[in-house]
Amino acid sequence: ALAVANEDTLVVEAGSSRFVRACLRQPVDRTPVWFLRQAGRYMPEYMAVRKHHSLLDICRTPEIASEVTITAAERLGVDAAIIFADLLLPFTPMGLDFEFVAGEGPQVNTPVRSLEHVQALRTDRADELGYVAKSIEKVAKHFAGPRADGDTLGIIGFCGAPFTLASYMIEGGSSRNYIETKKLMYSDSVAWPMLMEKLVTVLVAFAKQQVEGGADVIQIFDSWAGALSVTDFREYCLPWTKELVERVKAFGVPVIYFGVDTASLLGTMRETGADVIGLDWRVPLEVGWKSVGEGCGVQGNLDPITLFAPQDVLERRVREVLDAAGGRPGHIFNLGHGIVPGTPVENVIRVVELVKEYKQR
Ligand code: CP3
């Protein structure tokens, strides 16, 4: 639904969704809303599917992944559907084996700790990720055309950012202090840039497939960029993330760049050229928006644990986020990070209703 006017400007064509319009800071009839991890383990429908299939089987089977994506979006009544997939999927075609261990999260069998290992990573097999684009095609087909309210649902493709993916490759899983990652980053001025470049190559190809499959927007998750100082972010992360954002935007879609614990990084994150920066809940939305500056949208930023609060608190916090955005074009309502397991589904639905009912005072 988009046309590239020049390198920098995307032009919205008729029929675009309010979600895509908001990504491009165009006026909308109301603030669009969706949730990070909206199709996860908190949802009984997902758990019913999960009982019979592993996480990776779901990701790699377009019939199931699309179904999970569609079910969550319809159940919640949100304005956008994020494709059911995972950050770590590109590791397989790069030649890195990993698995999801129940209760432990992802585990890479042989973590990347040397130049030789970085050299051995492959960048020529991204086409093996085509199953994600196939899932997107199915979701796009299902949601083609306007819904009851006249608006078209937005379809979000995604990938990890080079730093966050490198951290999983090097640590071998989730981490608290990123010691191995930072050791390699600080000490090996050949291996680190090579790893980041290889990731960019694969991620650009992966994002391209997703756009061709029908993704309206690409979200780039740099979930753990907040582990970096501003100086280190600028030196070891920004150049490659910027390249990734630029190359994905060139496919004709807006890009959302998201990280957690990023209050001090927001101005620098903006330098990637992303259309929208995802804010975590620790920064007040108006402060975060000031940091990213004019000319950029923001997404967020309700604390996901607010979804466990009593109704009056939940309502107040949702209103505060919307008040802070002040009705300026370019706000997409979301959480500051993903929905956690155990979250009451009815509270997630309530938030969607609150955003839809909201009137600027
Ligand atoms: O609607 C959705 O958001 C679901 C699609 C989705 C998944 N992973 C499926 C998944 C998305 C958008 C992701 C992104 C992702 N994957 C991130 C970035 C998001 C963020 O929170 O910042 C990260 C860091 C990963 C890597 C990953 N995948 C981890 C660390 C884990 C284990 C932690 C956990 O929550 O258990 C996963 C597993 C995973 N990916 C699950 C889901 C629904 C839960 C496990 C399961 O169903 O077995």
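Residue numbers restart at each chain and count upward from 1, following the sequence in its written direction. The predicted origin of the model limits local features to residues at a pLDDT of at least 70 and limits the giving and counting of side-chain atom pairs to 80 or more, whereas totals for whole chains, interfaces and linings rest on all residues.

S.K.: Just give me the short version of the site of the ligand, but keep the residues and values in it.
M.R.: We call a residue near a molecule or strand when its C-beta atom, built from the backbone, sits within 6 Å of it. Near the ligand lie 21 residues; those nearest to it are R37, A39, L87, G105 and S223. Under the scheme applied, nonpolar residues are Ala, Val, Leu, Ile, Met, Phe, Trp, Tyr, Cys and Pro; charged residues are Asp, Glu, Lys and Arg; polar residues are all the others, including Gly. The residue makeup of the shell around the ligand, split by class, is ten nonpolar, seven polar and four charged.

S.K.: An account of the UniProt feature "binding site: substrate" (unreviewed entry) in the protein is requested, with residue identities and associated values reported.
M.R.: According to UniProt, the positions carrying the feature "binding site: substrate" (unreviewed entry) are R37, Q38, A39, G40, R41, D86, Y168, S223 and H337. The annotated residues occupy 301 residues of the chain and do not converge on a single region, their most distant C-alpha atoms lying 22.5 Å apart. Judged by the 24 C-beta atoms lying within 10 Å of it, Q38 is buried. Once C-beta atoms have been placed from the backbone, residue pairs whose C-beta atoms lie within 7 Å are recorded as contacts. When neighbours within four sequence positions are excluded, Q38 is seen to be in contact with A72, L76, V78, I82 and I339. By secondary structure assignment, the location of S223 is in the loop between β7 (217-221) and α11 (230-236). Residues with at least 20 neighbouring C-beta atoms inside 10 Å of their own are called buried, those with 12 or fewer are called exposed, and the rest are partly exposed, where every C-beta is derived from the backbone. For S223, a count of 25 C-beta atoms within 10 Å puts it in the buried group. Beyond its immediate stretch of four places on either side in the chain, S223 contacts T164, G259 and V260. UniProt positions are given in the numbering used here, feature names are shortened, and annotations may be inferred rather than shown by experiment. Runs of H or I in DSSP of at least four residues are treated as helices and runs of E of at least two as strands, each being numbered from the N terminus.

S.K.: Give a detailed account of helix α8 (residues 162-171), specifying residues and quantitative values.
M.R.: Most of α8 sits inside the fold, with ten of its ten residues counted as buried. Along α8, the positions that sit buried rather than exposed are P162, F163, T164, L165, A166, S167, Y168, M169, I170 and E171. Immediately downstream of α8, the backbone of G172 shows phi near 90°, a positive value.

S.K.: Tell me about helix α9 (residues 179-187), and please be specific about residues and values.
M.R.: Here α9 has its buried residues at T181, L184 and M185. Taken end-on, α9 shows its buried residues confined to a sector of 100°, consistent with a single buried face. Exposed positions of α9 whose direction lies more than 90 degrees from the buried face are I179, K183, Y186 and S187. Lining the buried residues of α9 we find α8, α10 (191-213) and α11. Here, the arc refers to the directions that run from the helix axis to the C-beta atoms.

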